[in-house]
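Inside the fold
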Amino acid sequence: MQSVPPPLTGEVELNAVLLQVAVTVGLTAICYYLYRRYRKPYIGGFALGWGLYILRLGAIAVFVRTADWIWLYWHQVVTGWTALALLGAALAFARRMRRPRLLLAAGLFPLAWSYVAIYQLDNFLLAALPAVLFLSLVTLGTGWLFLRHWLASRSPGALSLAIALALWGLHHLDYPFLRARGAWVPWGYYLDIVFTLAVGAGILILVLEDLRDGLLQRTGELERLSRRMLAQHEEERRRLSLHLHDETAQVFTAVKLQLGVLREGVDPATAERIGRLVSLVDDGIASIRNVTNDLRPALLDDMGLRAALLSLVRSSEERLGMSIGFDAPEQLPRLRDDAEVALFRAVQESLANAAQHSGGSRVEVAVAVASGFVELTIDDDGRGFPEPPAERHERVGHLGLAGMRERVTALGGSLELGRSAQGGARVRIRLPLQNQTTAGVG
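Residues numbered from 1 in each chain as written. Predicted model: local features only at pLDDT ≥ 70, side-chain atom pairs only at ≥ 80, totals over all residues. Heavy atoms only, no water.

**Looking at the packing of aromatic side chains**
Per the counting criterion, the structure on display carries 15 aromatic pairs. On the numbers, 5.0 Å between centres and 70 degrees between planes, the contact of Tyr 42 with Phe 93 is edge-to-face. In this pair, Tyr 42 sits in helix α2 (residues 41-66) while Phe 93 sits in helix α3 (residues 69-93), placing the two residues 51 residues apart along the sequence. Seen in terms of ring centroids, Phe 109 and Phe 134 are 4.8 Å apart; in terms of plane orientation they differ by 35 degrees. Their pairing is tilted. On the criterion of sequence distance, the pair formed by Phe 109 in helix α5 (residues 108-120) and Phe 134 in helix α6 (residues 124-153) is long-range, its members being 25 residues apart. Phe 109 gets classed as partly exposed once you look at its relative accessible area, which sits at 30%. The class for Phe 134 is buried, based on a relative accessible area of 16%. (Phe/Tyr/Trp six-rings, centres within 6.5 Å; stacked < 30°, edge-to-face > 60°. Helix = DSSP H or I, 4+ residues; strand = E, 2+ residues; numbered from the N terminus. Buried < 20%, exposed > 50% of the residue type's maximum accessible area, 1.4 Å probe, protein only.)

Structure representation (structure tokens):
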């Protein structure tokens, strides 16, 4: 055919094509790996597009060697299909693939027009322009989809793809006037390589952003699930505490009263034995009160955080056999229920850890309010957290520390583990005052 001159005429051009093949093979392999790894349809679309691009380059390379027009025909066909595959990937990414049959139908145009252009027409410009316009419009449309995504999300990957595809789409328009007539040799091919690398880089950035967004979404879902589980756990503790207080403790109290009545009408020996039973019942009632207080301290609901912490410190001092200091302002902001529970449980867990693991004899509990935060610090004079860094102990089975951190981070706070001024362990928690209620102080 005389109307469409061979686009490649020598070894220089062939070498440029082979270089482009090597670059595209690498990009295809990366996209295929990412698709196999994450199973996202748009990544599969990119892998398909670059795979077709390799076939396009192979067809033109064979045409250079054989001058057989069938290879030029398939080069033109696969060029159009490559652009459509990249457009399909963009539509899949934007979740706008509502009519895939239209995209498949558009694939018939390269098949039909390439045959007409190569085998039927003698006017080169008339043969080339429709194909070039088709290719350019599809490429520009793909770039437009990514530009819209950038406008909505300010994604760097989408912006780089939009720019690269827009320039590439405009570059297609020079084919009938420059490249097909021997100009840009071999720089037109090198420019295509630059566009290929630019689009490939944009795809990789886009995939990383998408994976990051997915990870953030799953992290948010896990945090919400964690908050729900903690709330349900706390509600169950509250329910169990009320059950023990209102039912079990009342039964023990009734038994004690009945034993007291019975003791008054028996002989002294039996009365002494009944007295011992009454003492056991008193121990049981005291034990139930300790359990109910640990499950859900009534003072936390009735008197607020400061009173509940002071009560916890005093009862723990006697029960754990340690000296415990407590320092807090007389008036603390009344926080949301879950925030007060988080601080109370942190002190509860830290005192238990100090008694079991620190080997020390003194613990200092301090609460302060400053710079929009409530800060809780628990220091002991024991051996401190062992090396390596204390945070690792959360990952090797110390569920108390892990649960403490979950409660705090779910409220937008932070937890730090370190060494106290006495060389022992330090637990520092900061919660933003945005967790404050409108109920005043307590």
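**Focus: the nonpolar core**
If you look at the biggest cluster of nonpolar residues, it comprises 45 residues, and the most contacted ones within it are Cys 31, Phe 46, Trp 50, Phe 146, Val 199, Ile 203 and Val 207. At the level of secondary structure, the elements contributing two or more residues to this core comprise α1 (11-38), α2, α3, α6, α7 (156-172) and α8 (187-263). Broken down by element, the residue count for this core peaks at 11 residues, all from α3. With residues near it in sequence (within four places) discarded, Trp 50 still touches Thr 24, Leu 27, Thr 28, Cys 31, Leu 86, Trp 168, Thr 196, Val 199 and Ile 203. (Core = buried A, V, L, I, M, F, W, Y, C linked by side-chain atoms within 4.5 Å. Contact = heavy atoms within 4.5 Å.)

**Section: helix α11 (residues 305-320)**
Helix length check: α11, at 16 residues, gives a terminal C-alpha distance of 21 Å against a target of 22 Å (1.5 Å per residue), a fit within 8%. Those residues of α11 that sit buried are Leu 305, Arg 306, Ala 308, Leu 309, Leu 312, Val 313 and Ser 316. The buried residues of α11 occupy an angular sector of 160 degrees when the element is viewed end-on, so they sit on one face. Those residues of α11 that are buried lie in contact with α10 (298-302), β1 (323-327), α12 (337-358) and β3 (362-370). Once α11 finishes, Gly 321 follows within two positions and takes phi at roughly 70 degrees, a positive value. (Expected span 1.5 Å × (residues − 1). Arc of directions from axis to C-beta.)

**Structural notes on the side chain of Thr 139**
Along the chain, Thr 139 turns up in helix α6. Side chain to side chain, Thr 139 and His 172 meet in a polar contact 3.5 Å long. Leave out the neighbours within four places in its chain, and Thr 139 touches Ala 83, Leu 165, Trp 168, Gly 169 and His 172. (Polar contact = N/O pair within 3.5 Å; in protein donor to acceptor, adjacent residues only side chain to side chain.)

**Some thoughts on the sheet that holds strand β6 (residues 425-432)**
The 5 strands are arranged β1-β3-β4-β6-β5 in an open sheet whose pairing can be described as mixed. Strands at the two margins of the open sheet, each flanked by one partner only, are β1 and β5 (414-419). Averaged over all neighbouring strand pairs, the angle between strand axes comes to 15 degrees, with direction disregarded. Pairing of β3 with strand β4 (residues 373-380), which is carried by 8 bridges, proceeds in the antiparallel orientation. Within β4, the residue paired with Val 363 across the bridge is Asp 380. Against the sheet, α11 touches β1 and β3, its axis set at about 165 degrees to β1. Of the strands in this sheet, β1, β3, β4 and β6 are in contact with α12, which crosses β4 at around 10 degrees. (Pairing = 2+ DSSP bridges. Axes fitted to C-alpha atoms, helices over the stretch in contact; angles between N-to-C directions.)

**Regarding the confidence of the model for the protein chain**
Averaged over all residues, the pLDDT of the protein chain equals 83, while 89% of them reach at least 70. Confidence drops under pLDDT 50 across residues 438-442; counting only partners more than four residues distant or on other chains, this segment forms 10 contacts. (pLDDT = per-residue confidence, 0-100.)

**Concerning the pattern of salt bridges**
Pairing is possible between side chains that carry opposite charge, provided their charged atoms lie close to one another. Within this structure, the stated rule accounts for 12 salt bridges. With its nearest N and O atoms 2.8 Å apart, the salt bridge here joins Lys 256 to Asp 282. Taken together, the residues span a long stretch of sequence, with Lys 256 in helix α8 and Asp 282 in helix α9 (residues 268-295) at a distance of 26 residues. Judged by relative accessible area, which is 32%, Lys 256 ranks as partly exposed. The salt bridge involving Glu 330 is made with Arg 306; its shortest N-O contact spans 3.4 Å. Of this pair, Glu 330 sits in the loop between β1 and β2 (333-335) while Arg 306 sits in helix α11, and the two are 24 residues apart along the sequence. Classification of Glu 330 as exposed rests on a relative accessible area of 59%. For Arg 306, a relative accessible area of 17% translates into the label buried. Look at the salt bridges and you will find they share partners, linking Glu 375, Arg 428 and Arg 430 into a network. (Salt bridge = Lys/Arg side-chain N within 4 Å of Asp/Glu carboxyl O.)

**Regarding a nonpolar patch on the surface**
Taken together, the side chains of Val 62, Ile 70, Trp 71, Trp 74, Tyr 115 and Tyr 119 define a hydrophobic patch exposed on the protein surface, amounting to about 530 Å² of accessible area. If you list the elements that add at least two residues to the nonpolar patch, you get α3 and α5. Here the nonpolar patch gets 3 residues from one element, more than from any other, and that element is α3. Take Trp 71: it is sitting in helix α3. (Patch = residues over 30% accessible without salt bridge, like charges linked within 9 Å, V, L, I, M, F, W, Y side chains within 5 Å. Areas by Shrake-Rupley, 256 points an atom, 1.4 Å probe, with all protein chains shown as cover.)

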